Amino acid sequence: MLPSQRINIIKEWIFEYLSRMSKPANCLVVGVSGGIDSAVVSTLCAMTGFKTLAVSMPIMQRPEHHDLSLKHANWLTTRFRNAYKVELDLTRGYIAWEDIMREFKFKEEHGFANSKSRFRMLSLYQIAASTNGLVVGTGNKVEDFGVGFYTKYGDGGVDISPIADCMKSDVFAMGKELKILQEIIDAEPTDGLWSDGRTDFDQLKMTYKELEGAMQDPSSEKYEQYVSIRKKNLHKMNPIPICKFDGKTTLENN
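Residues numbered from 1 in each chain as written. Predicted model: local features only at pLDDT ≥ 70, side-chain atom pairs only at ≥ 80, totals over all residues. Heavy atoms only, no water.

With respect to the overall build of the protein chain
Across its full length, the protein chain carries 11 helices and four strands. Here the protein chain has a C-alpha radius of gyration of 19 Å; the compact-globule value for 254 residues is 18 Å, and the two agree. Taking the principal axes of its C-alpha atoms as reference, the protein chain extends roughly 50 × 50 × 45 Å. Residues classed as buried in the protein chain amount to 45% of the 254 residues present. Here the analysis covers contacts within the protein chain between residues at least 6 apart in sequence; of these, 72% occur between residues at least 24 apart. Summed over all atoms, the accessible surface of the protein chain reaches about 13800 Å², with 54% contributed by carbon and sulfur. (Helix = DSSP H or I, 4+ residues; strand = E, 2+ residues; numbered from the N terminus. Rg over C-alpha atoms; globule rule 2.2 N^0.38 Å. Buried < 20%, exposed > 50% of the residue type's maximum accessible area, 1.4 Å probe, protein only. Contact = heavy atoms within 4.5 Å. Areas by Shrake-Rupley, 256 points an atom, 1.4 Å probe, with all protein chains shown as cover.)

Some details on the environment of Leu181
By the secondary structure assignment, Leu181 is in the loop between helix 6 (168-177) and helix 7 (182-186). Sequence spacing of Leu181 and Trp75 is 106 residues, and the spatial spacing of their C-alpha atoms is 7.9 Å. Every residue in contact with Leu181, bar those within four places of it in the chain, is listed here: Lys71, His72 and Trp75.

Examining the environment of Lys236
Inspection of the secondary structure puts Lys236 in helix 11 (residues 234-237). In the structure, Lys236 is positioned 226 residues away from Ile10 in sequence and 24 Å away in space, judged by C-alpha atoms. Other than its neighbours up to four places away in sequence, Lys236 contacts Gly148, Tyr150 and Lys152. Here Tyr150 takes part through its backbone oxygen, which lies 2.4 Å from a polar atom of the side chain of Lys236. (Polar contact = N/O pair within 3.5 Å; in protein donor to acceptor, adjacent residues only side chain to side chain.)

Side note on the state of the cysteines
A complete count under the given rule lists zero disulfides for this structure. Here Cys45 stays free of any disulfide, with the sulfur of Cys27 as its closest cysteine sulfur at 9.4 Å. For Cys45, a relative accessible area of 0% translates into the label buried. (Disulfide = S-S within 2.5 Å.)

What follows is the structure, given as structure tokens:
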């Protein structure tokens, strides 16, 4: 499928979803990180004609990551009259919360990284509640539904997920078609949750090209590595386990 066709399908899907809601939303709320996924999603949202809020939410952010999110928000608002930039520095609130957790010795570092994502989700939903809006997800098929590389109840907490059936390569192709800033297209993918600036590759030990290949071809030399990552994160992708009384309860894959 051509990138232009994919763009039109997603744009129309978002428009139709909002138009058919029993209680119509007035606004689309997108967290922008400076990465290709949020850049493409926020642009697709703006293309619907609905009011679109591109929200940058630094939390002790490395300057290069925050700069890209602001550059994209500026780019978006100059091209779409229905697009607006919102910049919220959440650092002060997050540090106050982290200090409380450390005081009580709840100080696991990976948990703190994920909590930054949850702080952002909390903020997006407050904005959505205040604007009669929907929180729009930016996860793609590889990260969110291939290896579960997202934060449970963080960036995984959304109302709609427009690019969830798109491979990472599809997202880059749409980005080029939409003329997203080249700096964003060229940037090394990162979740921006670590002060040391670690990239997605540093955490996954696989490139997105390798992950896509493994997802599509079980004979790939990277397939077992992909499966190993996926298994660790199935608890995010599977439904929440429920204790049922019909004799059919299963704990498989959790």
